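If you want the building blocks of each chain, they are given just below.
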Amino acid sequence: DSEKYVEQLLTLFNRFSKLVKEAFQDDPRFLTARDKAYKAVVNDATIFKLELPLKQKGVGLKTQPESKCPELLANYCDMLLRKTPLSKKLTSEEIEAKLKEVVCFCFLLLNYSEELISFCLFIQEVGMPADYVNKLARMFQDIKVSEDLNQAFKEMHKNNKLALPADSVNIKILNAGAWSRSSEKVFVSLPTELEDLIPEVEEFYKKNHSGRKLHWHHLMSNGIITFKNEVGQYDLEVTTFQLAVLFAWNQRPREKISFENLKLATELPDAELRRTLWSLVAFPKLKRQVLLYEPQVNSPKDFTEGTLFSVNQEFSLIKNAKVQKRGKINLIGRLQLTTERMREEENEGIVQLRILRTQANKLFFSLVLHQEAIIQIMKMRKKITNAQLQTELVEILKNMFLPQKKMIKEQIEWLIEHKYIRRDESDINTFIYMA
């Protein structure tokens, strides 16, 4: 539970920070002890584990366990930034305060991580790289453009008879370069009402934006449906996948439908169908589930082709031990934005980016060592030939790495340019130390 994890983490952090401030006047030794303690907790892979691939597929794939804390922090901020039960109970000022608190906490305790980028980039003043800030700006621009597009679409079709009323539709046209993390699209057979609306949206969009191609990402969409049974009538907030599954009963509300037939009706991939069905038969916040199934299993992996599902005619919302005949329930939880395969691709990308950064850090470390070693030799010798300098430099650095002649030359030029050393006026291959 991202919300519980982060709230507890921040509560404890603030509590101990207050203790260090009031009892020890922010003594650096106590601050360091606090930071070390939290680094140990959030980086402990035995608490919440994330398996990252070490090698690419097909080349002896291995994984290494890492802390899932960055992902939980990203999920928490995602919940704050979107319309979720968490964000709805907070004011905009409270949301901003919580986001800043998490960002400050992350920059204080965690190593620079690709998982953190997903929620740090929205605050420009924290010094994130320009390309991430630009991508964020494009995201906000897309949101504004989508709002204008929705308004125009509704105006155009307010008197037209569409498969669904124009007022009930919210279209988001998003730039693939700024939003899409993977080219993978998950196919689903949509209810007729939605399927018939798609050509109308495409025709409207292409009239105003010729030459652009639309790709529909149903994985990232959601909606509200009205659910009626013998107990009452309820509004259910659902993902498009949940919607497609529930519509299988639209014309036959009392029938039992097998897993195999639901797969044929929705055309969802096996893993996505299992995950979606489980969210409708075992939603943790409901005492009475939307769907029933038989025989009982311990996990969605145990569903068989013959597992039978049916609409729960006694489904209802229960508040204070009383059955509610009307109400609204969010069955989405945290909207799934990635498939398992996409998540694997992202994790591999994280590893590759870390390798590049490690190489860059090694290069930087190597440059610093070259410069320090050259200055150390020059301080001691005061005057030395190029050949002697290279020999002594190799002697100093050989236990760490073998310095390359090209890099030695580049660092000598850098030190000359910044007036740490100079060439002898009578011999350009001799260097003189400048205090």
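Residues numbered from 1 in each chain as written. Predicted model: local features only at pLDDT ≥ 70, side-chain atom pairs only at ≥ 80, totals over all residues. Heavy atoms only, no water.

Looking at an unreviewed UniProt entry, one finds the chain named Cullin-5, with Corythaeola cristata as its source organism. Among the UniProt annotations of the chain, the heading Sequence similarities (unreviewed entry) holds the following wording: "Belongs to the cullin family." UniProt's Pathway (unreviewed entry) comment on the chain is quoted here verbatim: "Protein modification; protein ubiquitination." (UniProt positions renumbered as here; feature names shortened; annotations may be inferred.)

Enquirer: Explanation requested: the overall build of the chain in the structure shown.
Expert: Within the chain, the secondary structure is distributed over 15 helices and 13 strands. Counting only residues that meet the buried cut, the chain has 39% of its 435 residues in that class. Summarising the internal contacts of the chain: among those between residues at least 6 apart in sequence, 59% fall at separations of at least 24. (Helix = DSSP H or I, 4+ residues; strand = E, 2+ residues; numbered from the N terminus. Buried < 20%, exposed > 50% of the residue type's maximum accessible area, 1.4 Å probe, protein only. Contact = heavy atoms within 4.5 Å.)

Enquirer: It is not clear to me how the sheet that holds strand S10 (residues 326-330) should be interpreted in this structure. Could you clarify?
Expert: Adjacent strands of a sheet pair through backbone hydrogen bonds, lying either parallel or antiparallel. Ordered by their spatial adjacency, three strands build an open sheet running S3-S4-S10, and the pairing between neighbours is mixed. The open sheet has two free edges, formed respectively by strand S3 (222-228) and S10, since each of these has just one partner strand. When strand polarity is set aside, the average angle formed by the axes of neighbouring strands in this sheet is 20°. Of the pairings in the sheet, the one linking strand S4 (residues 233-239) to S10 comprises five bridges and is parallel in character. If you follow Leu 236 over to S10, its bridge partner there is Ile 329. (Pairing = 2+ DSSP bridges. Axes fitted to C-alpha atoms, helices over the stretch in contact; angles between N-to-C directions.)

Enquirer: Whenever I open this one, the environment of Glu 202 confuses me. Can you help?
Expert: Structurally, Glu 202 is set in helix H9 (residues 192-208). Under the relative-accessibility criterion, Glu 202 is labelled partly exposed at 22%. Linking Glu 202 and Lys 213, residues 11 residues apart in sequence, is a C-alpha distance of 9.2 Å. In terms of polar contacts, Glu 202 uses its side chain to reach the side chain of Trp 216, at 2.8 Å. (Polar contact = N/O pair within 3.5 Å; in protein donor to acceptor, adjacent residues only side chain to side chain.)

Enquirer: In this structure, what is going on with the environment of Phe 153? I would like to understand it.
Expert: Structurally, Phe 153 can be placed in helix H7 (residues 130-156). Spatially, the C-alpha atom of Phe 153 lies 8.0 Å from that of Val 201, the residues being 48 residues apart in sequence. Filtering out sequence-adjacent residues up to four positions away, Phe 153 remains in contact with Leu 162, Ala 166, Ile 171, Glu 200, Val 201 and Phe 204.

Enquirer: I'm lost on the packing of aromatic side chains in this one. Help?
Expert: The geometry of an aromatic ring pair is captured by two quantities: the separation of the ring centres and the angle between the planes. Following the criterion strictly, the structure yields 12 aromatic pairs and no others. An aromatic cluster of three or more residues is present, and its members are Phe 259, Trp 278, Tyr 293, Phe 303 and Phe 309. (Phe/Tyr/Trp six-rings, centres within 6.5 Å; stacked < 30°, edge-to-face > 60°.)

Enquirer: Any chance you could explain helix H15 (residues 405-417) here in plain terms?
Expert: Note on helix geometry: an α-helix contains 3.6 residues per turn, so any two residues three or four positions apart are oriented the same way. Taking 1.5 Å of rise per residue, the 13 residues of H15 would be expected to cover 18 Å, and the 18 Å separating its terminal C-alpha atoms lies within 8% of that figure. Where H15 is concerned, the buried positions are Met 407, Ile 408, Gln 411, Ile 412 and Leu 415. Seen from one end, H15 has its buried residues packed into an arc of 140°, which puts them on one side. Facing away from the buried side of H15 by more than 90 degrees, the exposed set consists of Lys 406, Lys 409 and Glu 417. Positioned one or two residues after H15, Lys 419 has a phi angle of 60°, which is positive. (Expected span 1.5 Å × (residues − 1). Arc of directions from axis to C-beta.)

Enquirer: So what exactly am I meant to see when it comes to the pattern of salt bridges here?
Expert: Two side chains that carry opposite charge are able to pair once their charged atoms sit near each other. Under the counting rule described, the total for this entry stands at 17 salt bridges. Note that Lys 328 is salt-bridged to Glu 237, the shortest N-O span being 3.7 Å. Within this pair, whereas Lys 328 is found in strand S10, its partner Glu 237 is found in strand S4, the two being separated by 91 residues in sequence. Where Glu 272 meets Arg 275, a salt bridge forms, and the shortest distance between an N and an O atom there is 3.2 Å. Taken together, the residues Glu 272 and Arg 275, both in helix H12 (residues 270-281) and three residues apart, mark about one turn of the helix. Connected through shared salt-bridge partners, Lys 263, Asp 270, Arg 274 and Glu 305 make up one network. (Salt bridge = Lys/Arg side-chain N within 4 Å of Asp/Glu carboxyl O.)

Enquirer: Sorry, what's going on with the side chain of Ser 87 here?
Expert: Along the chain, Ser 87 turns up in helix H4 (residues 85-88). Taking the relative accessible area as the measure of exposure, Ser 87 reaches 9% and is therefore buried. Among residues more than four places away in sequence, those in contact with Ser 87 are Met 79, Leu 80, Arg 82 and Ile 95.

Enquirer: Can you walk me through the nonpolar core in this structure?
Expert: Note that soluble globular proteins tend to have their nonpolar side chains buried in a common cluster. With 38 residues, the main nonpolar core has Leu 236 and Leu 291 as its most contacted residues. Within the residue set of this core, elements represented by two or more residues are S3, S4, helix H10 (240-246), helix H11 (259-266), H12, strand S6 (291-294) and strand S7 (308-311). A total of five residues in this core trace back to one element, the largest contributor, which is H10. Per-domain counts for this core show at least three residues from each of domain 2 (138-219) and domain 3 (221-336). The contacts of Leu 236, once residues within four sequence positions are left out, are Gly 223, Ile 224, Ile 225, Phe 227, Leu 246, Val 290, Phe 315, Ile 329 and Leu 331. Grouped together as the second largest cluster of nonpolar side chains are 19 residues, Val 6, Val 42, Cys 69 and Leu 72 included. (Core = buried A, V, L, I, M, F, W, Y, C linked by side-chain atoms within 4.5 Å. Domains from an automatic or database assignment.)

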